[in-house]
Amino acid sequence: MAPTVTNVAEKTRMKDSPNETELTSNKNAHEKEKPFECETEKKTDEKEDKKVEQEEPKEDALENEKDVPVEAEQKTGITFPVMLINGKKLNSVGLRKKSMLGIGIKIYAFGIYADNEKMKDLLSTKVGKTPSKATKEMYQIVIDSDVDMMVRLVIVFSGLTMSMVRKNFDEGLGASIKKLTGGKNDKLTKKIMGEALDDIKLTPGSVIEISRLPGYTLQTKVMNEVVSTVESELLCRAYIHMYLGDDPLDKEAKEKFGASLLSLF
């Protein structure tokens, strides 16, 4: 008997349509592939995590300046890295002392940093020939410039509060401003410690960084937190004058800074 059109169509549908066994087999195969995909993603994530873990110590080492040689302030033993992450170089270290009841109290050790490449360009333009020793003119050029500089203060005196530090800077900056301008500017001197709370206790080892940034901007950080940013040429000049002016906080530190300037020629 010859096959009818209906019989042929039914056979064709049976041939083209997958049976239940094939569907189940395909489903199981697909499910077996999923764990492999998840495992691959998991391994990739683990590799990324390990990569991050390997990179983090490098960043921390830079932040903590652990791998950089240091120079010690001799009277306190406090050390300062000879170069910062941003490239500024240490040009001098010193000690801020204050007389109390006839006794010289050590308040903080400090390190003076500068962008020496720009300082070199400035001096070669302004001074010309290499002098035999650091001159008043050289110090004044540094004071009046806006070359990037930073003074790092490391607290020595136990029990020091922000109120005491603020008072100390008010006095020092006030004296510098008076020498530079012939008058006082109490409002300006009080800006250097900005929003730092007076009751903050600064234990020995606490760090304050005061930077003169290009554009005559003075920025203050207390324990790595910015508390003040003031744009003032006079304030910048007065601050550097405290360390390099006619009556510096530490005469030996000023002389060391002068020697470092001579080495730039």
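In the annotation of an unreviewed UniProt entry, the entry for the protein reads Fatty-acid-binding protein 1, and the organism field reads Striga hermonthica. Quoted straight from UniProt, the Sequence similarities (unreviewed entry) entry for the protein says "Belongs to the chalcone isomerase family."

Chemist: Before we move on, can you summarise the pairing of strand β3 (residues 89-100) with the specific residues and values?
Modeler: Along any regular strand, the residues point their side chains to alternate faces of the sheet. For β3 and strand β4 (residues 103-114), the ladder comprises 11 bridges, and the chain directions are antiparallel. Looking at β4, one finds that methionine 100 is bridged to isoleucine 103. Between β3 and the antiparallel strand that follows it, β4, lie 2 residues; leucine 101 among them carries a positive phi value of about 55°.

Chemist: For the environment of isoleucine 210, give the residues involved together with the corresponding values.
Modeler: Inspection of the secondary structure assignment puts isoleucine 210 in strand β8 (residues 207-213). The sequence separation of isoleucine 210 and arginine 152 amounts to 58 residues, and the corresponding C-alpha distance is 6.6 Å. Setting aside residues no more than four positions away along its own chain, isoleucine 210 makes contact with Met149, Met150, Val151, Leu153, Phe169, Ile192, Met193, Leu218, Gln219, Thr220 and Tyr239.

Chemist: How would you explain the pattern of salt bridges if you had to name every residue and give the values?
Modeler: Pairing between side chains of opposite charge can happen when their charged atoms approach one another. By the definition in use, this model includes 7 salt bridges. A salt bridge links aspartate 148 to lysine 88; its shortest N-O distance comes to 3.4 Å. Remark: lysine 88 occurs in the loop between β2 (79-81) and β3 and aspartate 148 occurs in the loop between α4 (136-144) and β5 (149-155); sequence separation between them is 60 residues. Here aspartate 148 matches lysine 88 in class, with each residue buried. Where arginine 152 meets glutamate 209, a salt bridge forms, and the shortest distance between an N and an O atom there is 2.8 Å.

Chemist: Residues and numbers for the confidence of the model for the protein, please.
Modeler: Overall, the predicted model of the protein reaches an average pLDDT of 80, with 76% of residues at or above 70. Note on residues 1-62: pLDDT under 50 across the span, and 5 contacts to partners over four residues away in sequence or across chains.

Chemist: Pulling in residues and values, what's your account of the nonpolar core?
Modeler: Membership of the largest hydrophobic core comes to 48 residues, with the highest contact counts inside it found for Met119, Leu153, Phe169, Ile208, Ile210, Tyr239 and Tyr243. Contacts of tyrosine 239, omitting those with residues within four sequence positions, involve Val151, Leu153, Phe169, Leu173, Ile192, Ile210 and Leu218. Counting 9 residues, the second largest nonpolar core, distinct from the first, contains Val93, Ala109, Tyr113 and Met150.

Chemist: Any details on the side chain of glutamate 73? Residues and values, ideally.
Modeler: Relative to the helices and strands, glutamate 73 is located in the loop between β1 (70-72) and β2. Of the side chains bearing the opposite charge, lysine 75 lies closest to the buried glutamate 73, which forms no salt bridge; the N-O distance is 4.5 Å. Contacts of glutamate 73, omitting those with residues within four sequence positions, involve Ile78, Phe80, Val93, Gly94, Leu95 and Ala109.

Chemist: Outline the packing of aromatic side chains, supporting the account with residue identities and numerical values.
Modeler: For the structure on display, the rule yields 4 aromatic pairs. With a centroid separation of 6.3 Å and an interplanar angle of 65°, the aromatic rings of tyrosine 108 and phenylalanine 110 are classed as edge-to-face. Measuring from centroid to centroid gives 5.4 Å for tyrosine 239 and tyrosine 243, while their planes differ by 70°, and the two rings are edge-to-face. Linking tyrosine 239 with tyrosine 243, this pair stays in helix α7 (residues 233-244), spanning 4 residues, or about one helical turn. Overall, the relative accessible area of 3% leaves tyrosine 243 in the buried class. Within the aromatic cluster, the residues linked to one another by ring pairs are Tyr108, Phe110, Phe169, Tyr239 and Tyr243.

Chemist: Go over helix α8 (residues 251-262), please, and point to the residues and values.
Modeler: Look at α8: 17 Å from first C-alpha to last across 12 residues, which is about the 16 Å you get at 1.5 Å a residue. Burial in α8 covers these residues: Ala253, Lys254, Phe257, Gly258, Ser260 and Leu261. All buried residues of α8 project into a common sector of 160° when viewed along the axis, lining one side. Looking at the buried side of α8, the elements it contacts are β3, β4, α3 (116-126), α4, β5 and α7.

Conventions and cut-offs
- Residues numbered from 1 in each chain as written.
- Predicted model: local features only at pLDDT ≥ 70, side-chain atom pairs only at ≥ 80, totals over all residues.
- Heavy atoms only, no water.
- UniProt positions renumbered as here; feature names shortened; annotations may be inferred.
- Pairing = 2+ DSSP bridges.
- Helix = DSSP H or I, 4+ residues; strand = E, 2+ residues; numbered from the N terminus.
- Contact = heavy atoms within 4.5 Å.
- Salt bridge = Lys/Arg side-chain N within 4 Å of Asp/Glu carboxyl O.
- Buried < 20%, exposed > 50% of the residue type's maximum accessible area, 1.4 Å probe, protein only.
- pLDDT = per-residue confidence, 0-100.
- Core = buried A, V, L, I, M, F, W, Y, C linked by side-chain atoms within 4.5 Å.
- Lys, Arg positive; Asp, Glu negative; His and termini not counted.
- Phe/Tyr/Trp six-rings, centres within 6.5 Å; stacked < 30°, edge-to-face > 60°.
- Expected span 1.5 Å × (residues − 1).
- Arc of directions from axis to C-beta.

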